Amino acid sequence: MFSIHMKISKNILQLLHEQIGIEANASNYYLYVSSWCKVNGYDGASSFFQNHSTEERAHMLKIIQYLNDLKIDTVIPQIQKPSQKMKSLEQACKISLDNERKVSQAIHKIINTAQKENDHRTNFFLEWFVHEQIEEEDLFESILQKFDVIGRDKLAIHEIDKILEKLSHKSS
């Protein structure tokens, strides 16, 4: 299945395939949250999470492209149905932050493995993801802070929805 001239180890390849699945599931989760937000009247948050869904899919495609450039077939995994039942916008943001932290941990695992194997190519490729994950975690931490600063009543949630609307225009 793999040629003798493969440019990355089977271990790195397995981790990258797992990362493709992680990014696909993140995209699917954000799509679910976007839909929940729309149905519950949070149009700004819906746009914000829709953009995040698209962004996560782009991350998945970036990894696929990296492997394709190395002439390596990729495994496209089955995506999981999001298991969370949303109760609030704040909960959606908390779960999003937890998910982004898990994505960061997975990226760090691949980088640590690449460094141990002296796989500078993969290490260099993943640097972009490290920067992206720092931004994502910071973003969700700042959004969650808004609930503490502005509040959790209906008017405060409306203001946070408007903030998410503005953020959705920045990222698109």
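What you are looking at is a predicted structure, and each value in this text was computed from that prediction instead of being measured.

Q: Please set out the overall build of the chain residue by residue, giving values where relevant.
A: When helices and strands are counted, the chain shows five helices and zero strands. Along the three orthogonal principal directions, the C-alpha set of the chain runs to about 60 × 25 × 25 Å. For the chain, the residues scored as buried account for 46% of the 172 residues in total. Per element, the accessible surface of the chain, about 9900 Å² overall, is 53% carbon and sulfur. Positive and negative side-chain charges of the chain, numbering 21 and 24 respectively, have mean locations separated by a distance of 4 Å.

Q: Any details on the packing of helix H2 (residues 43-69) against helix H3 (residues 89-116)? Residues and values, ideally.
A: Two numbers describe how H2 lies on H3: the axes approach to 12 Å, and their chain directions differ by 20°. Classified by the angle their axes make, H2 and H3 are roughly parallel. Helix-helix and strand crossings are classified by hand; for H2 and H3 the assignment is left-handed. On H3, the residues touching Ala45, Phe49 and Glu56 of H2 are Leu89, Cys93, Ser96 and Glu100. When grouped by side-chain class, the residues that make up the contact of H2 with H3 number four nonpolar, one polar and two charged.

Q: Give me the packing of aromatic side chains: which residues, what numbers.
A: Geometrically, a pair of aromatic rings is defined through the distance of the ring centres and the angle of the planes. In this structure the tally under the stated criterion is ten aromatic pairs. The interplanar angle of 55° and the centroid separation of 5.6 Å between the aromatic rings of Tyr29 and Tyr30 together place this pair among those described as tilted. Residue class for Tyr29 comes out buried when judged on its relative accessible area of 4%. An aromatic cluster of three or more residues is present, and its members are Tyr29, Tyr30, Phe48, Phe49 and Phe140. Geometry around Trp128 places Lys62 over its ring, the cationic atom sitting 4.0 Å from the centre.

Q: Mind laying out the side chain of His59, listing which residues take part and the relevant values?
A: For His59, the position within the fold is in helix H2. For His59, a relative accessible area of 2% corresponds to the buried category. Look past the residues within four positions of His59 in its chain and what remains in contact with it is Glu23, Trp128, Phe129 and Glu132.

Q: Which residues make up the state of the cysteines, and what values do they have?
A: As enumerated under the stated definition, the model contains zero disulfides in all. Summary of cysteine pairing: Cys37 is not part of a disulfide, and the nearest cysteine sulfur, belonging to Cys93, is at 7.5 Å. The class for Cys93 is buried, based on a relative accessible area of 0%.

Q: So what's going on with helix H1 (residues 10-39)? Residues and values would help.
A: Over its 30 residues, H1 runs 44 Å from end to end, which matches the ideal 44 Å to within 8%, given 1.5 Å per residue. Of the residues one or two after H1, Gly41 is the one with positive phi, at around 85°.

Q: Give me the lowdown on the packing of H1 against H3, citing residues and values where you can.
A: Packing of H1 against H3 brings their axes to within 10 Å, and their N-to-C directions diverge by 170°. Looking at the two axes, H1 sits roughly antiparallel to H3. Grouping the amino acids of the contact of H1 with H3 by side-chain chemistry returns 17 nonpolar, five polar and three charged.

Q: Lay out helix H4 (residues 120-150) with the relevant residues and their values.
A: The first and last C-alpha atoms of H4 sit 45 Å apart over 31 residues, in line with the 45 Å expected at 1.5 Å per residue. Of the residues trailing H4, Gly151 is marked for its positive phi of about 125°.

Q: I'd like a rundown of unusual backbone geometry, residues and numbers included.
A: What is expected of a backbone is that most residues other than glycine have negative phi and most peptide bonds are trans. Notably, Lys71 is not glycine yet its phi reads approximately 65°, a positive angle. By the secondary structure assignment, Lys71 is in the loop between H2 and H3. Classification of Lys71 by relative accessible area gives exposed; the value is 74%. Its identity is not glycine, yet Asn118 carries a phi of approximately 55°, on the positive side. Topologically, Asn118 is positioned in the loop between H3 and H4. With relative accessibility at 55%, the residue Asn118 sits in the exposed group.

The rules behind these values
Residues numbered from 1 in each chain as written. Predicted model: local features only at pLDDT ≥ 70, side-chain atom pairs only at ≥ 80, totals over all residues. Heavy atoms only, no water. Helix = DSSP H or I, 4+ residues; strand = E, 2+ residues; numbered from the N terminus. Buried < 20%, exposed > 50% of the residue type's maximum accessible area, 1.4 Å probe, protein only. Areas by Shrake-Rupley, 256 points an atom, 1.4 Å probe, with all protein chains shown as cover. Lys, Arg positive; Asp, Glu negative; His and termini not counted. Charge placed at Lys NZ, Arg CZ, Asp CG, Glu CD. Axes fitted to C-alpha atoms, helices over the stretch in contact; angles between N-to-C directions. Parallel < 35°, antiparallel > 145°, perpendicular 65-115°, else oblique. Left-handed = near helix turned anticlockwise from the far one by under 90°. Contact = heavy atoms within 4.5 Å. Nonpolar A, V, L, I, M, F, W, Y, C, P; charged D, E, K, R; others polar. Phe/Tyr/Trp six-rings, centres within 6.5 Å; stacked < 30°, edge-to-face > 60°. Lys NZ or Arg CZ within 6 Å of the ring centre and 35° of its normal. Disulfide = S-S within 2.5 Å. Expected span 1.5 Å × (residues − 1).

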